[in-house]
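Single-letter residue listing:
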Amino acid sequence: MNAEQRLFVGGRWIEPDGGHYAVVDPATEETIGWAPEASRDQVHAACAAAREAFGPWSRTPPEERAAVLGRAADIIASRFVPYAELAQAETGATTGTARAMQVGVGGARFRRYARVEPAEWPIPPQINEAGPMGRAGVMGALAVRQPVGVVTCITSYNNPWANPAGKIAPALAMGNTVVVKPAPQDPLSVYRMAEALEAAGAPAGVVNVVSGRAVEVGEAAVDSADVDMVSFTGSTAVGQRIGEVCGRSLKRQLLELGGKGAAVVLDDADLGSAVAGIGTTFSFYSGQICTAPTRVLAQRGVYDRLVEQLASYAGRLKVGDPREPGTIVGPVISAAHRDRVESYVELGRKEGAVVAAGGERPATDRGFYVAPTLLADCTNDMRVAREEIFGPVVSVIPFDEEEEGIALANDSDYGLIDYVWSGDVARAFRVARQLRAGGVGINTVGRNMEAPFGGFRKSGVGRDVGSYALHAYSEVQALVWPG
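All figures in this text were calculated on a predicted structure; none of them were measured in a lab.

Enquirer: Give a detailed account of the overall build of the protein chain, specifying residues and quantitative values.
Expert: On a plain count of helices and strands, the protein chain comes out with 16 helices and 20 strands. Here the C-alpha radius of gyration of the protein chain, 24 Å, is about what a compact globule of 483 residues would show, namely 23 Å. In terms of its C-alpha atoms, the protein chain occupies a principal-axis envelope of roughly 70 × 65 × 40 Å. Every one of the 483 residues in the protein chain was classed for burial, and the buried ones make up 56%. Long-range contacts, defined here as pairs at least 24 residues apart, represent 73% of the contacts in the protein chain between residues at least 6 apart.

Enquirer: Would you mind going over the side chain of Gln299 in detail, with residue names and values included?
Expert: With respect to the helices, strands and loops of the structure, Gln299 is situated in strand β13 (residues 295-299). Take Gln299: its relative accessible area is 6%, and that puts it in the buried class. In this structure Gln299 touches Val265, Leu266, Asp267, Phe399, Asp400, Glu401, Glu402 and Arg427, once residues within four positions along its chain are discounted.

Enquirer: Report on the pattern of salt bridges, specifying residues and quantitative values.
Expert: Under the criterion given, the structure shown has 22 salt bridges. Measuring nitrogen to oxygen at the nearest pair gives 2.6 Å for the salt bridge that ties Glu117 to Arg112. Between Arg383 and Glu387 there is a salt bridge, with its nearest N and O atoms 2.8 Å apart. With relative accessibility at 41%, the residue Arg383 sits in the partly exposed group. The partly exposed category is assigned to Glu387, whose relative accessible area is 26%.

Enquirer: Got a sec to walk through the environment of Gln102? Specific residues and values, please.
Expert: In this structure, Gln102 sits in helix α4 (residues 95-112). Gln102 sits 130 residues away from Phe232 along the chain, and the two C-alpha atoms are 18 Å apart. The residues touching Gln102, leaving out its near neighbours within four places in the chain, are Ala87, Gln88, Thr91, Ala93, Thr97, Asn158, Asn159, Pro160, Trp161, Ala162 and Tyr285.

Enquirer: Run through the packing of helix α3 (residues 80-91) against α4, naming residues and quoting values.
Expert: To describe two helices that pack against each other, one gives the angle between their axes and the distance between the axes. Axis separation between α3 and α4 bottoms out at 9 Å; the angle between their running directions is 110°. By the angle class used here, α3 and α4 are roughly perpendicular. The way α3 lies across α4 gives a crossing that is right-handed. Across the interface between the two elements, Phe80, Val81, Tyr83, Ala84, Ala87, Gln88 and Thr91 from α3 touch Thr95, Ala98, Arg99, Gln102, Val103 and Gly104 from α4. Of the residues in the contact of α3 with α4, the class split is 7 nonpolar, 5 polar and 1 charged.

Enquirer: Account for the side chain of Asn208, with residues named and values stated.
Expert: Here Asn208 shows up in strand β9 (residues 207-209). Here the side chain of Asn208 touches Gly205 through a polar contact of 2.9 Å, landing on its backbone oxygen.

Enquirer: With reference to specific residues and values, describe the packing of helix α2 (residues 62-78) against helix α6 (residues 188-199).
Expert: The geometry of α2 relative to α6 is characterised by a closest axis approach of 8 Å and an angle of 125° between their N-to-C directions. With respect to α6, the element α2 is oriented oblique. For the element pair α2 and α6, the recorded crossing hand is right-handed. In this structure, α2 contributes Leu69, Ala72, Ile75 and Ile76 to the contact, and α6 contributes Ala196, Leu197 and Ala199. By residue class, the composition of the contact of α2 with α6 is 7 nonpolar, no polar and no charged.

Enquirer: Explain unusual backbone geometry to me, and be specific about the residues and the numbers.
Expert: Even without a glycine there, the phi angle at Tyr285 is positive, about 55°. Within the element layout of this structure, Tyr285 appears in the loop between α10 (280-283) and β13. With a phi close to 50°, Arg457 is a non-glycine residue in the positive phi region. Locating Arg457 in the fold gives a position in the loop between β18 (439-442) and β19 (460-461).

Enquirer: How would you sum up the nonpolar core? Please name residues and give values.
Expert: Counting residues in hydrophobic clusters, the biggest one holds 68 residues, and the most contacted among them are Phe110, Leu172, Val178 and Leu197. Contact partners of Leu172, with chain neighbours within four places excluded, come to Trp57, Arg65, Leu69, Thr177, Val178, Leu197, Val206 and Val207.

Enquirer: Could you give me a rundown of the sheet that holds β13, with the residues and numbers involved?
Expert: Strand order in the open sheet made by the 7 strands is β14-β15-β16-β13-β12-β17-β18, with mixed pairing throughout. Strand pairing shows two members of the sheet lacking a second neighbour, β14 (354-357) and β18, which therefore form its edges. Strand-to-strand twist across the sheet, computed as the mean angle between neighbouring axes with direction ignored, equals 25°. Looking at chain direction, strand β12 (residues 262-265) and strand β17 (residues 417-421) are connected through 3 bridges and run parallel. By the bridge assignment for β17, Val264 is matched with Val420. With respect to the sheet, helix α11 (residues 300-316) is in contact with β12, β13, β14, β15 (373-376) and β16 (393-399), its orientation differing from that of β13 by roughly 140°.

Enquirer: Tell me about the pairing of strand β4 (residues 31-36), and please be specific about residues and values.
Expert: Note: strand β3 (residues 20-24) against β4, 5 bridges, orientation antiparallel. From the neighbouring strand, Val23 faces β4, where its bridge partner is Gly33.

Enquirer: So what's going on with the sheet that holds strand β5 (residues 120-128)? Which residues, and what values?
Expert: Strand order in this open sheet of 3 strands is β5-β6-β20, and the pairing throughout is antiparallel. At either end of the open sheet lies a strand with only one pairing partner, and these are β5 and β20 (474-482). Shown here is a sheet whose adjacent strand axes are inclined to one another by a mean of 25°, direction ignored. The sheet contact formed by strand β6 (residues 137-147) and β20 spans 9 bridges and is antiparallel. Considered in β20, the bridge of Ala143 is made with Ala478.

Enquirer: Would you mind going over the environment of Gly201 in detail, with residue names and values included?
Expert: Within the secondary structure, Gly201 sits in the loop between α6 and β9. The exposure class of Gly201 is partly exposed, given its relative accessible area of 39%. For Gly201, the contacting residues outside a window of four places in its chain are Val68 and Arg71.

Rules of the game
Residues numbered from 1 in each chain as written. Predicted model: local features only at pLDDT ≥ 70, side-chain atom pairs only at ≥ 80, totals over all residues. Heavy atoms only, no water. Helix = DSSP H or I, 4+ residues; strand = E, 2+ residues; numbered from the N terminus. Rg over C-alpha atoms; globule rule 2.2 N^0.38 Å. Buried < 20%, exposed > 50% of the residue type's maximum accessible area, 1.4 Å probe, protein only. Contact = heavy atoms within 4.5 Å. Salt bridge = Lys/Arg side-chain N within 4 Å of Asp/Glu carboxyl O. Axes fitted to C-alpha atoms, helices over the stretch in contact; angles between N-to-C directions. Parallel < 35°, antiparallel > 145°, perpendicular 65-115°, else oblique. Left-handed = near helix turned anticlockwise from the far one by under 90°. Nonpolar A, V, L, I, M, F, W, Y, C, P; charged D, E, K, R; others polar. Polar contact = N/O pair within 3.5 Å; in protein donor to acceptor, adjacent residues only side chain to side chain. Core = buried A, V, L, I, M, F, W, Y, C linked by side-chain atoms within 4.5 Å. Pairing = 2+ DSSP bridges.

Spelled out as structure tokens, the structure:
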């Protein structure tokens, strides 16, 4: 793992102009590899290579493009354990998460888009009367999906396999070419993905990977004149800056941004189910996930019991080395992020929240650990209830009537995924339809991986996953002819 990684540009592995920087294991604080720092010129070269490759790749039959993705999935499966070990070293994920949710989901996404789907749909004929546009007649029409062109994919640090694969695979399936700019904290896994695609037969320039810590690396990947679309997963603040740049040249955008998921727990809810679902915030990626139910709205009749059970749940979780059996909560990505999360816990105290669990740094010799923390007696105007913390911290807010709970849930800058728990399914669906979020989990935090994914408000622009991703990475062309 400790070798110096090279950039992947135009089908060649090249030395970076900016040298290398250390990639650090969040659990041990040891250097596990050296990532390349691309220059602005090298990023633009990658974009130019993708532009040159776009024509031939877009004309390649969909079945052949799908075959490349299928072979890539096979290669990922054959290298599953070393890939998972690298992902774990880069992110601090537990062994189960690194294997199943990182490399496992990444490979599954390549497999999913190795399935060819129709790219055209007939439109019902239209009868036109005679007029200025011509004689009377019947007009046929066809809607056809066409690739957008060169897509810059800027990926998040919390999952260096599933997130890039969810962009690269559908983009390539649609005939686009890509320039991938991975998160600076854990880019090495994305280079392994590029190796798998190269070995699978992806032509030179179809996939390019450029990394770096400097802001100019990402900026160059967005502002290049060769880029037609930007797909970004990350913070709302960065997404807004990307949107501004794309807006100047009308580049297409797919932005999956922050979240502050509201979990509305009604007074007839199965509390065991609610606690298990909300408790994933404490454990899954150590809360570093935009879909986490971090803002719990509990109806007064169950509020005290829910707080008690969530506090007990958090207190039972084993925090420590993610490689050890039984560890549930690993580290957060960096020392700087640990400090940020801890500052929010302290802010919650100052705002008047009660720390019902956690709140203190775990006693470990090394690693960037944060104790699962429950903040009770919060109000919806507190910063800990409004801002994305991105760590194992849950805020609980009481409410009285159902309508109040819905209003509190919708009183947010975000709207990615919300949740409803109720023993009355009809009631749960009624509440869910009133929530202003791109998705709502009803009595579950599980996902349907064919369902559209994306957010309302500042949680993003556009939808992907399943067939929706093929739409996201395509333009729709209308073909019209006289019948």
